[in-house]
Amino acid sequence: MTLCEWSIFNSCQSFCPTLTPYRVLRQTWISLEGYNKLVGLREISPVPDIGDVIFLDAKNDETMRVLSYFRLAECPSSLELLERFIIPFWDDEKMLRIWTSSGKEKLTESILRDYYRLNSDSRRKVSASAMVPVKRFDGEKAVKFSVAKSLINPAEKELRELYFEDEEACPVDWILEKYDGVLINCGLRTSLDSDHVVERAKCFAQRSSEIQDTLKRARKLLQSSPSWKEISNDHQMSTLRELRWLPVTDLDGSCTFKNAKECRGLDEKSLVGYVLPVLGFEISLDWRKRLGWSHLIPCDTLLV
């Protein structure tokens, strides 16, 4: 009988993901037969279930010596554990679906805690992975996890005012309080840029039936000063102009939403007010250019 066949090692296959929260650790005396990869943990930390990998409790010096001397298992550092096993786990959609939120939150925290010690490739993977637990703006916790670049810091008033209360677009409080710097490094939004403007315009067009709530937020956006970066991106400009997200007063006096080709700015009300809906407030020259309103109004429009 070989050493691997003896049930003398304690496994540390983290959580029973679908049944119990993180605090219940599944530790079982096992033999090492049948596993392709054995990993000894120098300290007990959250680890996922990964195929034919078995994690062993190796915090005891004697266990560590046995595993090392007989070359039964590798014993990576906590940093190696993150880079080789924990971070890649977030690509396993099948496993992610069956894990509890509390289990995934523990993995997220273990990654964010050591984020600045990770190599550059691992940092990029963290930034691209949907591992940040999210809440709604009305305070209710959401079930989903998101990439940091899709979320905002709700303390930034200019951004917060552009969102509806039921949207899931900010990190849960404890993550934001402990790791705000890391989240910003991963792309958490703290200012308004061109991509964000287009995303908000799409949202407002989809929620145009909620007239008053959408009108208020669309007005905030149109009176903001985004960082347009190098965007003279034709696709983004055409999206802004073609979506029906602009809150205007229609010819019959009602409030509605139009695209940029179907209305004009308030400053042109005296010129087109009888033939086109107009905004009910002033916007900057920069916004007028983005909406295509710096061009001359076609004569056939004025002569309708």
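Quick notes on the rules
Residues numbered from 1 in each chain as written. Predicted model: local features only at pLDDT ≥ 70, side-chain atom pairs only at ≥ 80, totals over all residues. Heavy atoms only, no water. Salt bridge = Lys/Arg side-chain N within 4 Å of Asp/Glu carboxyl O. Helix = DSSP H or I, 4+ residues; strand = E, 2+ residues; numbered from the N terminus. pLDDT = per-residue confidence, 0-100. Contact = heavy atoms within 4.5 Å. Pairing = 2+ DSSP bridges. Buried < 20%, exposed > 50% of the residue type's maximum accessible area, 1.4 Å probe, protein only. Axes fitted to C-alpha atoms, helices over the stretch in contact; angles between N-to-C directions. Lys, Arg positive; Asp, Glu negative; His and termini not counted.

A. Region of the structure containing the pattern of salt bridges. Counted by the stated rule, this structure contains 20 salt bridges. A salt bridge links Arg207 to Asp166; its shortest N-O distance comes to 3.0 Å. Note that Arg207 is positioned in the loop between α8 (194-206) and α9 (211-222) and Asp166 in the loop between α6 (157-160) and β7 (168-171), a separation of 41 residues in sequence. Here Asp286 and Arg290 are joined by a salt bridge, their closest N and O atoms 3.4 Å apart. Linking Asp286 with Arg290, this pair stays in helix α12 (residues 285-290), spanning 4 residues, or about one helical turn.

B. Region of interest: the confidence of the model for the chain. Model confidence for the chain is summarised by a mean pLDDT of 83, while 83% of its residues fall at 70 or above. Within the chain, strand β1 (residues 9-10) has the poorest average pLDDT of any element, 48, and helix α5 (residues 120-128) the best, 97. Long-range and interchain partners of residues 1-11, a stretch whose pLDDT sits below 50, account for 42 contacts in this model, where long-range means more than four residues apart.

C. Seen up close, the sheet that holds strand β8 (residues 246-249). Strand order across the open sheet formed by 3 strands is β9-β8-β10, with antiparallel pairing between neighbours. What marks the edges here is a single partner per strand, and that holds for β9 (255-258) and β10 (278-279).

D. Quick peek at the pairing of strand β5 (residues 132-136). Most of β5 sits inside the fold, with 4 of its 5 residues counted as buried. Both β5 and strand β6 (residues 141-146) contribute to a ladder of 3 bridges, which runs antiparallel. Each bridged residue has a counterpart across the sheet, and for Val132 the counterpart in β6 is Ser146. The hairpin turn running from β5 into β6, its antiparallel successor, is 4 residues long, and Gly139 in that turn takes a positive phi close to 100 degrees. Taken together, the 3 bridges between β5 and β7 define a ladder with antiparallel strand orientation. Opposite Lys135, over in β7, you have Cys170 as the bridge partner.

E. The arrangement of the sheet that holds β7 in detail. Strand order in the open sheet formed by 3 strands is β6-β5-β7, with antiparallel pairing between adjacent strands. Each edge of the sheet is formed by a strand with only one pairing partner; in this case those strands are β6 and β7. If you compare each strand with its neighbour and ignore which way they point, the axes differ by 50 degrees on average. Contacts from helix α4 (residues 101-113) reach β5 and β6, with the element oriented near 45 degrees to β6.

F. Molecular detail of the side chain of Lys104. Mapping Lys104 onto the fold places it in helix α4. Buried charged residue Lys104 carries no salt bridge. Nearest counter-charge: Glu105, at 9.2 Å. Setting aside chain neighbours within four positions, we find Lys104 in contact with Trp90, Leu96, Trp99 and Phe145.

G. Up close: the environment of Gly139. By secondary structure assignment, the location of Gly139 is in the loop between β5 and β6. The sequence separation of Gly139 and Cys170 amounts to 31 residues, and the corresponding C-alpha distance is 10.0 Å.

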